[in-house]
Protein chains: 2
Amino acid sequence: MKNTTSQTVEIHKAKTSKIDQVDFENLTFGKIFTDHMFVCDYVDGKWQTPKITPYGPMSFDPSARVFHYGQAVFEGMKAYKDDNGDVFLFRPDENYNRINKSAERLAMPEFPEHYFFEGLTTLLQLDNDWIKPGYGNSLYIRPFVIATQPSVSASEANEYRFIIICSPAQAYYSGDVSVLIEEKYSRSANGGFGYAKAAGNYAGQFYPTKLAKEKGYQQIIWTDANTHEYLEEAGTMNVFFRIGDKLITAPVSDRILDGVTRKSLIALAEKQGYDIEVRPIKVEEIIAAAKNGNLNEIFGAGTAAVISPVKAFGYKGEHYELPKQDNPYAAHFKKALMDIQYNKAEDTFGWRYKV
Amino acid sequence: MKNTTSQTVEIHKAKTSKIDQVDFENLTFGKIFTDHMFVCDYVDGKWQTPKITPYGPMSFDPSARVFHYGQAVFEGMKAYKDDNGDVFLFRPDENYNRINKSAERLAMPEFPEHYFFEGLTTLLQLDNDWIKPGYGNSLYIRPFVIATQPSVSASEANEYRFIIICSPAQAYYSGDVSVLIEEKYSRSANGGFGYAKAAGNYAGQFYPTKLAKEKGYQQIIWTDANTHEYLEEAGTMNVFFRIGDKLITAPVSDRILDGVTRKSLIALAEKQGYDIEVRPIKVEEIIAAAKNGNLNEIFGAGTAAVISPVKAFGYKGEHYELPKQDNPYAAHFKKALMDIQYNKAEDTFGWRYKV
Ligand SMILES: Cc1ncc(COP(=O)(O)O)c(C=O)c1O
Ligand SMILES: Cc1ncc(COP(=O)(O)O)c(C=O)c1O
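Parameters at a glance
Residues numbered from 1 in each chain as written. Chains lettered and ligands numbered in written order. Predicted model: local features only at pLDDT ≥ 70, side-chain atom pairs only at ≥ 80, totals over all residues. Heavy atoms only, no water. UniProt positions renumbered as here; feature names shortened; annotations may be inferred. Contact = heavy atoms within 4.5 Å. Axes fitted to C-alpha atoms, helices over the stretch in contact; angles between N-to-C directions. Helix = DSSP H or I, 4+ residues; strand = E, 2+ residues; numbered from the N terminus. Parallel < 35°, antiparallel > 145°, perpendicular 65-115°, else oblique. Left-handed = near helix turned anticlockwise from the far one by under 90°. Near = heavy atom within 4 Å. Polar contact = N/O pair within 3.5 Å; in protein donor to acceptor, adjacent residues only side chain to side chain. Areas by Shrake-Rupley, 256 points an atom, 1.4 Å probe, with all protein chains shown as cover. Nonpolar A, V, L, I, M, F, W, Y, C, P; charged D, E, K, R; others polar. 1 Å grid on protein atoms, 1.4 Å probe; cavity = no way out; pocket = protein on both sides within 12 Å on 5 of 7 lines; lining within 4 Å. Points joined across faces, edges and corners; volume = space filled by probe spheres on them. Domains from an automatic or database assignment. Buried area = accessible area lost by both parts, 1.4 Å probe. Salt bridge = Lys/Arg side-chain N within 4 Å of Asp/Glu carboxyl O. Pairing = 2+ DSSP bridges. Least-squares fit on C-alpha atoms with pLDDT ≥ 70 in both. Phe/Tyr/Trp six-rings, centres within 6.5 Å; stacked < 30°, edge-to-face > 60°. Buried < 20%, exposed > 50% of the residue type's maximum accessible area, 1.4 Å probe, protein only. Lys NZ or Arg CZ within 6 Å of the ring centre and 35° of its normal.

Caption draft 1: Spatial organisation of the UniProt feature "modified residue: N6-(pyridoxal phosphate)lysine" (unreviewed entry) in chain A. The UniProt record annotates "modified residue: N6-(pyridoxal phosphate)lysine" (unreviewed entry) at A:Lys197. Excluding residues that lie within four positions of it along the chain, A:Lys197 makes contacts with A:Ala72, A:Val73, A:Phe74, A:Glu75, A:Gly76, A:Arg98, A:Ser102, A:Tyr202 and A:Leu257.

Caption draft 2: Up close: the packing of helix 2 (residues 92-105) of chain A against helix 3 (residues 113-126) of chain A. Residues and elements named next belong to chain A. In contact at an axis separation of 11 Å, helix 2 and helix 3 are set at 130° when each is read in the N-to-C sense. It follows from the interaxial angle that helix 2 and helix 3 lie oblique. Relative to helix 3, the crossing made by helix 2 is right-handed. Here Pro-92, Asp-93 and Tyr-96 of helix 2 come into contact with helix 3, specifically with Glu-113, Phe-116 and Phe-117.

Caption draft 3: Highlighting the site of ligand 1. Residues and elements named next belong to chain A. Lining the immediate surroundings of ligand 1 are 16 residues, of which Lys-197, Tyr-202, Glu-233, Thr-261 and Thr-303 lie closest. The contact in question runs from an oxygen atom of ligand 1 to an N or O atom on the backbone of Thr-236, over 3.3 Å. Burial of ligand 1 by the protein chains amounts to 96% of its free accessible area of 390 Å². Going through the elements one at a time, helix 5 (260-271) and strand 18 (295-302) are the ones with two or more residues in the shell around ligand 1.

Caption draft 4: Fine view of the site of ligand 2. Residue and element names in this part refer to chain B. Taken together, 16 residues surround ligand 2, and among them Lys-197, Tyr-202, Glu-233, Thr-261 and Thr-303 come closest. Between Lys-197 and ligand 2, the recorded distance is 2.9 Å, taken from a side-chain N or O atom to an oxygen atom. At 2.5 Å from a nitrogen atom of ligand 2 is found a side-chain nitrogen or oxygen belonging to Glu-233. Out of a free accessible area of 390 Å², ligand 2 has 95% covered by protein chains. The residue inventory of the shell around ligand 2, partitioned by class, reads 5 nonpolar, 7 polar and 4 charged.

Caption draft 5: Empty space enclosed by the protein, seen in detail. This structure, assessed with the given rule, holds 9 cavities of 30 Å³ or more. The computed volume of the largest cavity comes to approximately 160 Å³. Lining the largest cavity are 17 residues, with A:Arg187, A:Ser188, B:Arg187, B:Ser188 and B:Phe193 positioned closest to its centre. The class makeup of the residues in the lining of the largest cavity is 4 nonpolar, 11 polar and 2 charged.

Caption draft 6: Expanded view of the domain arrangement of chain A. Residue and element names in this part refer to chain A. Under the domain assignment used here, chain A contains domain 1 (3-169) and domain 2 (177-341). Every contact between the two is made by 21 residues of domain 1 and, on the other side, 23 residues of domain 2. Between domain 1 and domain 2, roughly 2000 Å² of surface is buried when both sides are summed, and carbon and sulfur atoms account for 60% of that area. At the boundary of domain 1 and domain 2, one finds 1 salt bridge. A salt bridge links Lys-263 to Glu-94; the shortest N-O distance between them is 2.7 Å. Of the residues forming the side of domain 1 that touches domain 2, the biggest block, 6 residues, is contributed by helix 2.

Caption draft 7: Region of interest: the interface of chain A and chain B. The interface is formed by 59 residues belonging to chain A together with 59 residues belonging to chain B. Three residues stand out in chain A for area buried against chain B, namely A:Pro62, A:Phe67 and A:Phe206, and they jointly supply 14% of the buried area on that side. On inspection of chain A and its partner chain B, the count reaches 0 salt bridges. Looking at the side of chain A that touches chain B element by element, the count peaks at 6 residues for helix 4 (residues 203-214) of chain A. Across the side of chain A that touches chain B, the residue classes break down as 32 nonpolar, 19 polar and 8 charged. Bridge count between strand 6 (residues 58-60) of chain A and strand 6 (residues 58-60) of chain B: 3 bridges; the pairing is antiparallel. Residue pairing in the sheet places A:Ser59 in a bridge with B:Ser59 of strand 6 of chain B.

Caption draft 8: Examining the relation of the copies chain A and chain B more closely. Mapping chain A onto chain B calls for a rotation angle of 180° and an axial translation of 0.0 Å; the resulting RMSD is 0.0 Å. Expressed as an axis order, the relation between the two copies is that of a two-fold axis. Of all interface residues in chain A, 100% are interface residues in chain B too; the two copies therefore contact each other through one and the same surface.

Caption draft 9: The arrangement of the packing of aromatic side chains in detail. Applying the stated criterion to the full structure yields 68 aromatic pairs over all chains. Measuring from ring centre to ring centre gives 6.3 Å for A:Phe60 and B:Phe60, while their planes differ by 50°; the resulting arrangement is tilted. Placement of A:Phe60 in strand 6 and of B:Phe60 in strand 6 is noted, with the two residues assigned to different chains. B:Phe60 shares its class with A:Phe60; the two are buried. Ring geometry for B:Phe111 against B:Tyr115: centres 6.0 Å apart, planes inclined by 65°, an arrangement best described as edge-to-face. In this pair, the class of B:Phe111 matches that of B:Tyr115, namely buried. Joined through ring pairs, the aromatic side chains of A:Phe38, A:Tyr42, A:Trp47, A:Tyr96, A:Phe111, A:Tyr115, A:Phe116, A:Phe117, A:Tyr160, A:Phe162 and A:Tyr353 make up one cluster. Looking at A:Arg242, its charged tip hangs above the ring of A:Tyr329, at a distance of 3.9 Å from the centre. The ring centre of B:Phe24 lies 4.6 Å from the NZ or CZ of B:Lys132, which sits over that ring.

Next comes the structure, spelled out in structure tokens:
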């Protein structure tokens, strides 16, 4: 079965490709996976030889700790193909650093940098045909680490598996969303691990989001757990508010994920001379701005949707519609970011990473 | 492979038993599992026919949601055998209700009551030899539910698996523990899901506990995330404080697990005429009591250890030793609870459940 070896990665190629069975015009996000996956086990205190194997099911003991104690962290990144067929990642060092920051908070071992990058690039080369050119098309990449040690004892595991799987994605457009500003439930605690991209930060959001959906809202904007007076972030996006022509976003903290899209947007906005403030934002400030007509835009920022404009929000039983903009900041920054990602604009920040 | 069918459960018996390979005098908690497990899948909006099969690994797609978004809840309960060979559970209805309460908060489907109880009793009958008699010996039972739907999209899954695995356990005695009262990290948020027995509540505790261990403490007593002024619970136990002859424990809330051991101990203490108070407890009250010699005992209460006495604690860099007691409440309540569990005392509360 062993076909090739890169410097560090043992490669077992799939015998046949599934690519012809895939309708690339009608993709559901995160449902179809490419022909290969990257797998590396942590055993006996060290990461073993990484492998690329055909994508497929894996066997786990039912006592594997991830099922019981949620020791699991992940990343979300994308590969983009330009019109010449060149493939790019966007700031992958940020994802590499963040998965290790997440892992540290969950008492999981650090993953070696050269394994991460060599694994990623080798995988993308093998599954290169799955990355479709065209503005908005991409390959969504999901690195994740799970505790595999078979034993139901509530402490950090001594065995882990690092996996990378990839799923082709189309331009993500679900329409402008309506969001609910949460007053009761919380996403994360002071002193907790909300800043980590950890499995345990997501499961708790689904029930409150279900309740929000029953009220006609698609997503929640979380507020701080102590007072529910400050706006934090959405389920899988950081959030920006435009009051007048000023753009505001909450500072990151131990409760808020340090999003790559967010920090890239801030850097771009600063460079392009936009008035941007990173500071705590009170819900009442947004309500007041909405009432006096100064709240021009709200949008989410994250890898999956890039920028996701908000058309309306709910708070304390009131519904607020946002005004239509002729030249929304959301569209401007979405294009600016995507132009860099798809190699259509100069990369003055050095964010593109050629695979 | 199909051998027998109980009313609802399809039974596939193991061909041979592993029991002879097990050293029941030297068990590590949660490491060895019995010959069988209970498995029931939720697909197409309903729980399918439950099965009991030989214990063993299971196959999962790497995109199964539990690995990414932590949708996983569990229970911990024990089966006890008396000297006549009769097997008992302790308040299993509490565990059944709690796993569904946990599931609801994580947007997971409720598990049917008759599947739970018939699955559990059928499994215990099959693996009856694994339940060793003798005060302190037990079979630890781990029911759990995980999201199996293969797709990396951050929302509640539509496919789940309910599993019960069992692990023989000996009298749990790790010596009296030293605990650290936490000032910085937190276990759960107001409005979060700390009250649920959910995977995501555990992974975040391991790193702070590792830091505590480096300071010489084995466990953490968590304080409230807002102020760190109030004592909450330990990693897998609720906590009781004895000041003078008064026993105090924190009220349950959306941050604190409603422990079966805790509520049983409260009921016993009330019945036996102990002075017991359920109310918020300030750290400073405990420090003051420790300083003026009134803090007589601290102990944890949970299914695994029953009662776990604390011999010392740390707070803000100070170390406090607890005085030795001639007749500690911890030992009294441990015996009282175990006598009921092992059918050695009258069961005035109706807590025993004969299998
Ligand atoms: C909770 C949360 N906030 C924000 C983001 C956005 O981060 P990024 O821009 O790095 O994708 C994500 C990632 O998807 C997230 O899960
Ligand atoms: C966080 C937590 N608190 C308390 C307990 C004690 O609950 P019980 O007495 O039901 O075992 C547990 C269970 O092990 C737990 O995980």
